[in-house]
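Spelled out, the chains give:
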Amino acid sequence: MAQPHNRTCAVIGGGPAGLMAADILVNANLAVTVYERMPSVARRLLMAGRGGLNLTHSEPLPQVLSRYGAADPRLIGAVKAFPPDRLRAFAARLGQPTFVGTSGRVFPQAMKASPLLRAWLRRLEVAGVTFALRHRWTGWREDGALEFATPDGITSVTPDATVLALGGASWPRLGADGGWTRILSRERIPVVPLRPSNCGVRTEWSDRFRERFEGRPLKTIALSFGGQRVRGEAVITRDGLEGGAVYALSAALRAGIERDGVAAISVDLLPNLKAEDVLRRLSTPRGRQSLSNMLRKTLALPPVSIALAQEAAKGRLGSLEPGALAGFLKAVPVMLTGLASIDRAISSAGGLAFEAIDDAFMLKAKPGVFAAGEMLDWEAPTGGYLLQACFATGAAAGEGVVRYLAAARAAATA
């Protein structure tokens with residue numbers, strides 16, 4: 001049963017970070033309202049759940065932390081304080097136990113987001129959390145109040161503390177559109193420009209290749225760029241490539257394209273074979289077979305892989321000697337000209353600069369205002385690491401609010 005409250009908190013953003021902050025706050029006996037600009041909360045979480053809802057990863061914590069690259073120590077500290085085991089225990093308390101898949105990724109046993117979200121929202125509502133939907137935050141008024149645009153007009157509130165959990169800018173139709181960056185910039189709060197992360201890449205396919213192979217998967221390949229090598233799959237898109245192997249390299253590719261204007265990746269079409277093994281198979285006389293048939297029969301290459309090699313060789317694949325051909329198939333060059341747009345990306349990089357917040361995730365320029373989730377300047381690969389950090393920073397911001405209000409109360413009664 002909900003308990004009486006005497007301090008009010010506004011959580012702006014109803015995604016995983018915002019809901020986790022609300023959970024922490026209401027369980028500290030604070031009055032919490034979650035403001036969400038969409039007609040319902042956690043739409044992106046539900047979208048992620050269509051593929052099984054990869055909550056986190058089961059690998060040892062040091063390896064999990066390494067996935068955040070050169071992230072700010074405060075992000076690392078938040079994940080240490082709210083690690084994968086704690087997230088799995090939280091899901092279990094919601095009646096949604098998890099399991100570890102063959103890849104080490106962690107999923108709810110229900111393999112979708114909706115049961116977990118329904119249980120979580122029931123828990124929050126029973127505890128007394130209020131949800132204000134279709135409330136789009138427009139900034140602060142001169143008196144410091146939070147202002148919202150609603151279907152019934154403009155409204156404002158003055159909570160004792162606020163958590164901003166406004167997300168990045170990927171998949172804006174699901175709620176997060178990055179519009180908050182303009183609000184913070186007006187307040188002279190440092191924001192790193194939002195950029196696509198875990199996204200597809202663009203290249204200039206020939207019309208023939210595009211028409212025949214758009215949507216076809218490249219299975220069992222390895223992509224290399226800048227000293228990194230990733231095994232996995234990719235999909236041919238109308239203007240480039242997407243898929244897990246591409247996403248894993250997206251941060252490095254983005255940096256390379258920003259630096260040089262283009263980036264050349266290398267595609268190993270036969271990662272399970274050494275170059276000498278490929279050469280030995282190619283040295284067999286092909287007789288009257290076409291090159292495509294010979295590659296298909298001797299190397300088990302599918303038509304899309306053969307076509308990619310022919311596309312990259314620009315009509316000269318058949319003129320290569322066996323040694324050169326073996327090397328080419330192990331390192332097919334693809335020149336990239338850009339990244340897919342941020343609205344098609346799985347996540348975004350950039351956001352509220354860590355220099356703008358203190359160790360409690362409170363904005364230095366706005367005492368009593370905290371921030372969490374993807375709106376902070378960090379990025380991570382897919383595999384559960386994105387949601388893990390969103391939950392963790394939501395918990396960190398919520399706990400920061402609890403300490404802040406406790407200190408304020410102590411100061412007022414001293």
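Up top is the structure these notes are about.
Residues numbered from 1 in each chain as written. Predicted model: local features only at pLDDT ≥ 70, side-chain atom pairs only at ≥ 80, totals over all residues. Heavy atoms only, no water.

Bridge count for strand β13 (residues 217-225) against strand β14 (residues 228-237) is 7 bridges, and the pairing is antiparallel. In the strand pairing of β14, Ile 221 is matched with Gly 232. Remark: 2 residues form the turn of the hairpin made by β13 and β14, two consecutive strands paired antiparallel; Gly 226 in that turn has positive phi of roughly 55 degrees. Of the pairings in the sheet, the one linking β13 to strand β16 (residues 263-268) comprises 3 bridges and is antiparallel in character. Across the sheet, residue Ser 224 finds its bridge partner in β16, namely Ser 266. (Pairing = 2+ DSSP bridges. Helix = DSSP H or I, 4+ residues; strand = E, 2+ residues; numbered from the N terminus.)

This next bit is on unusual backbone geometry. Even without being glycine, Ala 42 reaches a positive phi, approximately 55 degrees. Mapping Ala 42 onto the fold places it in the loop between β2 (31-36) and α2 (43-49). Accessibility expressed as a relative area gives 4% for Ala 42, which makes it buried. Unlike most non-glycine residues, Arg 134 shows phi in positive territory, near 55 degrees. Tracing the backbone through its elements, the reader meets Arg 134 in the loop between β6 (130-133) and β7 (136-140). (Buried < 20%, exposed > 50% of the residue type's maximum accessible area, 1.4 Å probe, protein only.)

Tyr 68, Trp 137 and Leu 352 are the most contacted members of the largest nonpolar core, which has 84 residues in total. For this core, the element with the most residues is helix α15 (residues 385-413), which contributes 12 residues. If we skip the residues at most four places from it in the chain, Trp 137 touches Ile 12, Leu 146, Glu 147, Phe 148, Leu 164, Leu 166, Trp 180, Ile 183 and Leu 184. Formed by 49 residues, the second largest nonpolar core is a distinct cluster that contains Leu 249, Met 294, Ile 306 and Val 334. (Core = buried A, V, L, I, M, F, W, Y, C linked by side-chain atoms within 4.5 Å. Contact = heavy atoms within 4.5 Å.)

Moving on, we get to the packing of aromatic side chains. Under the counting rule described, the total for this entry stands at 9 aromatic pairs. A centroid spacing of 5.8 Å and a plane angle of 35 degrees characterise the contact between Trp 120 and Phe 391, whose relative ring orientation is tilted. Here the residue Trp 120 occupies a position in helix α6 (residues 114-127), and Phe 391 occupies one in helix α15, the gap between them amounting to 271 residues. When sorted by exposure, Trp 120 lands in the same class as Phe 391, which is buried. These aromatic residues form a ring-pair network of at least three members: Phe 90, Trp 120 and Phe 391. A cation over an aromatic ring shows up here: Lys 366 above the ring of Trp 140, its NZ or CZ 4.3 Å from the ring centre. (Phe/Tyr/Trp six-rings, centres within 6.5 Å; stacked < 30°, edge-to-face > 60°. Lys NZ or Arg CZ within 6 Å of the ring centre and 35° of its normal.)

Right, let's talk about the pattern of salt bridges for a bit. For the structure shown, the criterion picks out 17 salt bridges. The partner of Arg 37 in a salt bridge is Asp 177, and the shortest N-O contact between them spans 3.5 Å. Here Arg 37, found in the loop between β2 and α2, pairs with Asp 177, found in the loop between β10 (161-164) and α7 (180-186); they are 140 residues apart in sequence, far enough to count as distant. According to the relative accessible area criterion, Arg 37 is partly exposed, its value standing at 30%. Where Asp 277 meets Arg 280, a salt bridge forms, and the shortest distance between an N and an O atom there is 3.1 Å. Of the two residues, Asp 277 and Arg 280 are both situated in helix α11 (residues 275-282); the distance of 3 residues between them amounts to about one turn of the helix. A single network of salt bridges, built from pairs that share partners, joins Arg 229, Asp 268 and Lys 330. (Salt bridge = Lys/Arg side-chain N within 4 Å of Asp/Glu carboxyl O.)

Buried residues dominate helix α13 (residues 303-313), accounting for 9 of its 11 residues. Of the residues making up α13, those classed as buried are Val 304, Ser 305, Ile 306, Ala 307, Leu 308, Ala 309, Glu 311, Ala 312 and Ala 313. Lys 314, located one to two residues past α13, shows a positive phi value of around 55 degrees.

Strand order in this open sheet of 3 strands is β7-β8-β9, and the pairing throughout is antiparallel. Of all the strands in the sheet, the pair left with one neighbour each is β7 and β9 (153-157). Going across the sheet, the axis of each strand differs from the next one's by a mean of 30 degrees, ignoring polarity. Where strand β8 (residues 146-150) lies against β9, 5 bridges are found, and the strand directions are antiparallel. Looking at the pairing, Phe 148 lines up with Thr 155 of β9. (Axes fitted to C-alpha atoms, helices over the stretch in contact; angles between N-to-C directions.)

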